[in-house]
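# Structural features, examined
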Amino acid sequence: MYDLKLHDLRCFDAVASEGSFQAAALVLNRTHPSVFAAVARLEEQLGLTLLDRSGYRVSLTEQGRLFRSRAQLALRELGHLQDYAGQLASGEETVLRVVMGDVCPRPQILGLLSRFFAERTRTRLHLEYEAISGPLERLMDAEADLIFHRANPSDPRLERIDLCQVNFVPVVAPGFLPFDDGREITPEAMRPFTQCVIRDTARRPSTENFFVIDGAHSCSTPDHMMKKELILHGLAWGHLPEWLIEDELSDGRLISIAGRHIPGRTETVAAVRRRDRSQGPVAEALWHYLQAQERDAP
């Protein structure tokens, strides 16, 4: 088995597909005798009769049928390996590591990525989700090539493309509060009620306070979808991205309590990368693609 030749496997597969040595030779751009010899050599090395040559057309024996199904898997993998080697030789990334942050409007960002990678099938998108300070930590620890998240525009280590703004709205379910929702609600009035917050996924969590009321009981969730479910069921209150709750605000399943004491907040979602790292051709192409999206945005 160690002496098996890729050429012999390809000749055998072509004969099985075309039904004759002559047709296989034409497909492979080889001579009839060379294809015949390759298959005979393969059968001898394996100790198997792979082809039935007794009929007008060559056909597979039962052993040949079983062997071919495995051989085709090997041929496909070898083809992928050749493509992979060519990609490495060209300098094109085989994997691009992207992290989406919790502030991202997922349909919009995923749509951008889907359209870009649909034309770059040789590079695999490795996409992960992180929250609060997790995305930036992954970027700075060289565990991500690009993140979609908020970022300090004055940080000289970072380069960014602003993509959109996301409004965060403090909301409750109907009946969650025992007092009139129309009054100007203060943080002190909300302190007795459980507040739901997003869990920071960073290994070194940020000390920044995102909407949290001091002294209030809180519960945490891994993402805004889970947070939304808790609030809808009246188990807590909290800030949610407006794009995620437009229908619930419209039909009254959620009520905004935004006011001058508990305002909402607007975050700018950006594509962010490090200035001090060289970028491969696919990463650079993605960056230019995102810049074009920014220019074309209304």
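Residues numbered from 1 in each chain as written. Predicted model: local features only at pLDDT ≥ 70, side-chain atom pairs only at ≥ 80, totals over all residues. Heavy atoms only, no water.

Note the cut-off: UniProt positions are given in the numbering used here, feature names are shortened, and annotations may be inferred rather than shown by experiment.
As recorded by an unreviewed UniProt entry, the chain carries the name LysR family transcriptional regulator and is attributed to Mesorhizobium album. UniProt annotates the chain under Sequence similarities (unreviewed entry) with the comment "Belongs to the LysR transcriptional regulatory family."

## Focus on the environment of Glu-93
The line we're drawing: The helix count covers DSSP runs of H or I at least four residues long, the strand count covers runs of E at least two residues long, and both are numbered beginning at the N terminus. We define a polar contact as two N or O atoms separated by no more than 3.5 Å, with the added condition that, inside protein, one atom must be a possible hydrogen donor and the other a possible acceptor, whereas residues neighbouring each other in sequence contribute only through side-chain atom pairs.
Residue position: Glu-93 is located in the loop between α4 (62-90) and β3 (95-100). Between the alpha carbons of Glu-93 and Gly-55 there is a distance of 50 Å; along the sequence they are 38 residues apart. At a separation of 2.9 Å, a polar atom in the side chain of Glu-93 contacts the main-chain amide nitrogen of Val-282. One polar contact links the side chain of Glu-93 to the main-chain amide nitrogen of Ala-283, over a distance of 2.8 Å.

## Some thoughts on helix α9 (residues 242-251)
At 3.6 residues per turn, the α-helix brings residues three or four places apart onto the same side. Stated formally: Accessible area is worked out with a 1.4 Å probe on protein chains only. A residue is then buried under 20% of its type maximum, exposed over 50%, and partly exposed in between. To obtain the arc, one takes the directions from the helix axis to the C-beta atoms. In what follows, a contact means two residues having at least one pair of non-hydrogen atoms within 4.5 Å.
Every buried residue of α9 is listed here: Leu-244, Ile-245 and Glu-248. For α9, the buried positions fall inside an angular range of 45° around the axis, keeping them on one side. Opposite its buried face, α9 presents the exposed residues Asp-247 and Ser-250, each directed more than 90 degrees away. On its buried face, α9 sits against β6 (158-172), α8 (224-232) and β9 (238-241). Of the residues one or two after α9, Gly-252 is the one with positive phi, at around 85°.

## Considerations on the pairing of strand β4 (residues 124-129)
Every regular strand shows the same layout, with side chains that alternate between the two sheet faces. Selection rule: Strand pairing follows a simple DSSP-based rule, namely that at least 2 bridges must link the two strands. The path from the first strand over the helix to the second decides the hand: if it runs clockwise while the strands point away from the viewer, the crossover is right-handed.
Here β3 pairs with β4 via six bridges, running parallel. When the sheet's bridge partners are listed, Leu-96 is paired in β4 with Leu-125. Following the backbone out of β3, through helix α5 (residues 106-117) and into the adjacent parallel β4, one traces a crossover that is right-handed.

## Focus: the packing of aromatic side chains
Stated precisely, the cut-off is as follows: Geometry of aromatic contacts follows a simple scheme: Phe, Tyr and Trp rings, the Trp one being its six-membered ring, pair when their centres are within 6.5 Å, and the pair is stacked under 30 degrees between planes, edge-to-face over 60, tilted otherwise. Any Lys NZ or Arg CZ found within 6 Å of a ring centre and within 35 degrees of that ring's normal is scored as a charge over the ring.
A complete count under the given rule lists six aromatic pairs for this structure. Measuring from ring centre to ring centre gives 5.9 Å for Phe-12 and Phe-67, while their planes differ by 50°; the resulting arrangement is tilted. Residue Phe-12 is found in helix α1 (residues 6-18), and its partner Phe-67 is found in helix α4; the two are separated by 55 residues along the sequence. As far as burial versus exposure is concerned, Phe-12 and Phe-67 are alike and both buried. Taking the centre distance of 6.0 Å and the plane angle of 70° together, the rings of Phe-179 and Phe-193 count as edge-to-face. Here Phe-179 is found in the loop between β6 and α7 (187-190), whereas its partner Phe-193 is found in the loop between α7 and β7 (195-198), with 14 residues between them in sequence. These aromatic residues form a ring-pair network of at least three members: Phe-116, Phe-117 and Tyr-289. For Arg-273, the ring lying beneath its charged end belongs to Trp-287, and the centroid distance is 4.1 Å.

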